[in-house]
Amino acid sequence: MKSLEQLVRKNIWSLSPYSSARDEYSGKEAHVFLDANENPYNQPFNRYPDPLQRDLKKVLSKVKGVPEDMIFLGNGSDEAIDLTYRIFCEPKKDNVVSISPTYGMYEVCADINDIEYHKVLLDDNFQFQASSLLAACDENTKVIWLCSPNNPTGNSLNRDEIVKVLSLFEGIVVVDEAYIDFAMQQSLRKELTRFPNLIILQTMSKAWGSAAIRLGMAFASHDIINIYNKVKYPYNVNLLTQQQAAKALADPYETDKRVKILIQERERLIVSFRELPVCEHIYPTDANFFLARMTDAQSVYDYLVDKGIIVRNRSNVQLCHNCLRITIGTKTENSELLSALRQYAV
Ligand SMILES: *Cc1c(COP(=O)(O)O)cnc(C)c1O
């Protein structure tokens, strides 16, 4: 790996971050706070929240087995994705390399930040070769984006190839694990100390059922996390979100139970889809959704919309021609989808 100083933009490396009242005072017990121009009334929301979300990180650290100082929290994973560009990539000069198809936000954020985005097409099994990703890199490639399990394909990427990229690439490798709790494959969290260039993204939005609170996490070396913390908005995660996330995380068994039901339902849906005349192929999945190639995705999509059932038509995505992406719902919702599709006349 190149040194962080070589990888981080010069202006960011030398940045003196904004220092909030809450940053400057974190000493011993105090009871009169006249330092932040807050209103003394209207408790409990009159005070600024902890900019470093320390209470929440304590809980997360236990659940995830990652030290608190190796965790960044943001307004959804989307914030961590955007910050990654702003930290490492010089507009109009640097570039990133990504697999395709994958999650659309990596490319949108590259466009917003004026960073070149190089795509390397996955093979017919939606897998990649480390060598072809590395061949797409040049001296200005700062970041490689991987997503496993991948969206919209659903499959986990080959772990040996991910490890090859981590070992051979001199820049930052982001592995987005938004769907890892549904996967057979293990998270890469245990590999953080082995690979200082690894950044793992996870989220409360999927397995934890908390998309509305907007809480995304990045796990990385302490040095990388420090840079994220200095570039983020001081109060990027509001107090309600911090409290609600801690509450959800306090009951991991409940989440486990729901994840198991969703995986069972996924398998049930897949078995039934295989028997539908309109379904040509189901791709392997490790997520809370699956990709199905249909005889005519658009007409099935329109038919379902007419019945008030919305799935995602991914036909315009590379390698996903005629594919629908189906999110696993409750048992009742899944049964309604199936019975609608059984009534569909080809
Ligand atoms: C859903 C999803 C996320 C979650 O994004 P949030 O901003 O945390 O809600 C991240 N990455 C991928 C690949 C996703 O599909």
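Please refer to the structure higher up on the page.
Residues numbered from 1 in each chain as written. Predicted model: local features only at pLDDT ≥ 70, side-chain atom pairs only at ≥ 80, totals over all residues. Heavy atoms only, no water.

### Looking at the packing of helix H5 (residues 77-88) against helix H6 (residues 105-112)
Contact geometry of H5 with H6 gives a least axis separation of 9 Å together with a crossing angle of 45°. Our classification of the angle between H5 and H6 gives oblique. The two elements H5 and H6 meet at a crossing, and its hand is right-handed. Every residue of H6 that contacts H5 at Asp78, Ile81, Asp82 and Tyr85 is listed here: Met105, Tyr106, Cys109 and Ala110. Taken together, the residues that form the contact of H5 with H6 break down as six nonpolar, no polar and two charged. (Axes fitted to C-alpha atoms, helices over the stretch in contact; angles between N-to-C directions. Helix = DSSP H or I, 4+ residues; strand = E, 2+ residues; numbered from the N terminus. Parallel < 35°, antiparallel > 145°, perpendicular 65-115°, else oblique. Left-handed = near helix turned anticlockwise from the far one by under 90°. Contact = heavy atoms within 4.5 Å. Nonpolar A, V, L, I, M, F, W, Y, C, P; charged D, E, K, R; others polar.)

### Remarks on the site of the ligand
In the vicinity of the ligand, 14 residues are found, and the nearest of them are Tyr179, Thr203, Ser205, Lys206 and Arg214. Separating an oxygen atom of the ligand from a side-chain N or O atom of Tyr179 is a distance of 2.6 Å. At 2.6 Å, a side-chain N or O of Arg214 approaches an oxygen atom of the ligand. Coverage of the ligand by the protein chains reaches 93% of its 390 Å² of free accessible surface. (Near = heavy atom within 4 Å. Polar contact = N/O pair within 3.5 Å; in protein donor to acceptor, adjacent residues only side chain to side chain. Areas by Shrake-Rupley, 256 points an atom, 1.4 Å probe, with all protein chains shown as cover.)

### What about the sheet that holds strand E1 (residues 71-74)?
In spatial order, the strands read E1-E7-E6-E5-E4-E2-E3; together these seven strands make up an open sheet with mixed pairing. The two strands at the open ends of the sheet, each matched to only one other strand, are E1 and strand E3 (116-121). Averaged over all pairs of adjacent strands, the angle between their axes in this sheet comes to 20°, without regard to strand direction. Two elements, E1 and strand E7 (residues 216-219), share four bridges in a ladder whose sense is antiparallel. Of the residues in E7, the one forming a bridge with Ile71 is Phe219. Relative to the sheet, helix H4 (residues 54-64) contacts E1, strand E6 (198-203) and E7, its axis offset from that of E1 by approximately 120°. Running at roughly 160° to strand E4 (residues 141-147), H5 makes contact with E1, strand E2 (95-100), E3, E4, strand E5 (172-176), E6 and E7 of the sheet. (Pairing = 2+ DSSP bridges.)

### Side note on the pairing of E7
With burial as the criterion, each face of E7 is covered, one bearing Gly216 and Ala218 and the other bearing Met217 and Phe219. For E6 and E7, the ladder comprises four bridges, and the chain directions are antiparallel. For Leu201, the partnering residue across the bridge sits in E7 and is Ala218. (Buried < 20%, exposed > 50% of the residue type's maximum accessible area, 1.4 Å probe, protein only.)

Limitation: the analysis is restricted to geometry and does not speak to function.
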